[in-house]
Amino acid sequence: MFIRKLQWAAVAAAAVLALSACGDAGGDEDTGGKADVAKDVKFEAGTRMAELNKAGKVKIGVKYDQPGVGFKSATSDTPTGFDPEMGKIIAGALGIEADNIEWVETISDNREPFLQKGTVDFVLASYSITDERRQVVGQAGPYYVTGQSLLVAKDDDSIKGPEDLKGKKVCSVTGSTSIATVEDKYGATPAGFDTYSECVEQLKNKSVDAVTTDGAILLGYAAEDPDALKVVGEPFSEERYGVGYSKESPELCEFINETLTKSFDDGDWQKAFDATLGKSGNDAPEKPTLDPCS
């Protein structure tokens, strides 16, 4: 579909993510480095990759309120987290410098509209792959597989998994499926708040026993304060984070999957995790198996 597959090995300056060890999961410091850009990469004329490569810039939608995943403080010019680092890898594979990425705050409700209207070129915003979403937008990947998990105090050994939640006070966002699951399935006492940050504060002051939501989000909070918080147990659901793109450019699927595969193989994916979610002290999960492009 495009002149790419046989050129990966020949591209001298492949998209490599040079990540530093400094900076916290959701703070002002940049958690990543400058991506080495694939200068000599060539794409088939008329493809979206060729258009973006020629323009030398790309718009990527990420979350701004999820430490470790996608976070931007009031004093920072650019977002930090695992999703922005993966966005840099994709931009680098297009031959685009990290400084030429336009980051766009993307919330859960506007991810599909942003892709459909061309507000952004890609969405990497804890964007779980679903059949319903694939009816209206493209989703390649997954580049990360997580699931509902538990955040507890560092010194609390009474909760090791969801089976230990009976009678425990567990916090999540009001109305979420996560809080319903721990109440209905595991007998927890629910405590609903408007944001995960509020739940974390409740945990720190010992008003609740645990916080529950996607493991990636919880790892971000643990990475901010690893001496006080930890993620325990195995995920007890599955969320598969994918890269969103417009269905008008289906050729992007194969490009994204090739880029992700390369990042798995050359260590860039691991570096992105270590520089962000890995600061929680938890090991990276297994590298996911990518869905085939239809």
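Report follows, based on the coordinates. (Residues numbered from 1 in each chain as written. Predicted model: local features only at pLDDT ≥ 70, side-chain atom pairs only at ≥ 80, totals over all residues. Heavy atoms only, no water.)

1. Some points on the nonpolar core
Residues F122, Y144 and L151 are the most contacted members of the largest nonpolar core, which totals 57 residues. Ranked by size, the runner-up nonpolar core spans 11 residues in total, among them L150, V152, V182 and F236. (Core = buried A, V, L, I, M, F, W, Y, C linked by side-chain atoms within 4.5 Å. Buried < 20%, exposed > 50% of the residue type's maximum accessible area, 1.4 Å probe, protein only.)

2. Concerning the sheet that holds strand 13 (residues 229-232)
With mixed pairing, the five strands of this open sheet are ordered in space as 11-10-12-9-13. In the strand order of this sheet, the two ends are held by strand 11 (189-193) and strand 13, each with one partner. Between one strand axis and the next, the sheet turns through 35° on average, direction left out of account. Where strand 10 (residues 169-173) meets strand 11, five bridges bridge the pair, whose relative direction is parallel. When the bridges of strand 11 are listed, V173 appears paired with F193. Sheet contacts for helix 4 (residues 177-184): strand 9 (148-153), strand 10, strand 11 and strand 12 (210-214); angle to strand 10, the most-contacted strand, approximately 155°. Lying over the sheet, helix 6 (residues 215-224) contacts strand 9, strand 12 and strand 13, oriented at roughly 130° with respect to strand 12. (Pairing = 2+ DSSP bridges. Helix = DSSP H or I, 4+ residues; strand = E, 2+ residues; numbered from the N terminus. Axes fitted to C-alpha atoms, helices over the stretch in contact; angles between N-to-C directions. Contact = heavy atoms within 4.5 Å.)

3. Here's the deal with the state of the cysteines
Throughout the structure, instances matching the rule amount to two disulfides. Covalent S-S linkage joins C171 and C199, the inter-sulfur distance amounting to 2.1 Å. With the S-S bond torsion at -70°, the cross-link from C171 to C199 turns out left-handed. Of this pair, C171 sits in strand 10 while C199 sits in helix 5 (residues 196-204), and the two are 28 residues apart along the sequence. The burial state of C171 is the same as that of C199; both residues are buried. Two residues share a disulfide in this structure: C253 and C293, whose sulfurs sit 2.1 Å from each other. The S-S bond linking C253 to C293 shows a torsion near -90°; that makes this disulfide left-handed. Highlighted residues: C253 in helix 7 (residues 251-266) and C293 in the segment after helix 8 (268-274), separated in sequence by 40 residues. Residue classification places C253 among the buried residues on the basis of a relative accessible area of 7%. Owing to a relative accessible area of 32%, C293 belongs among the partly exposed residues under this scheme. (Disulfide = S-S within 2.5 Å.)

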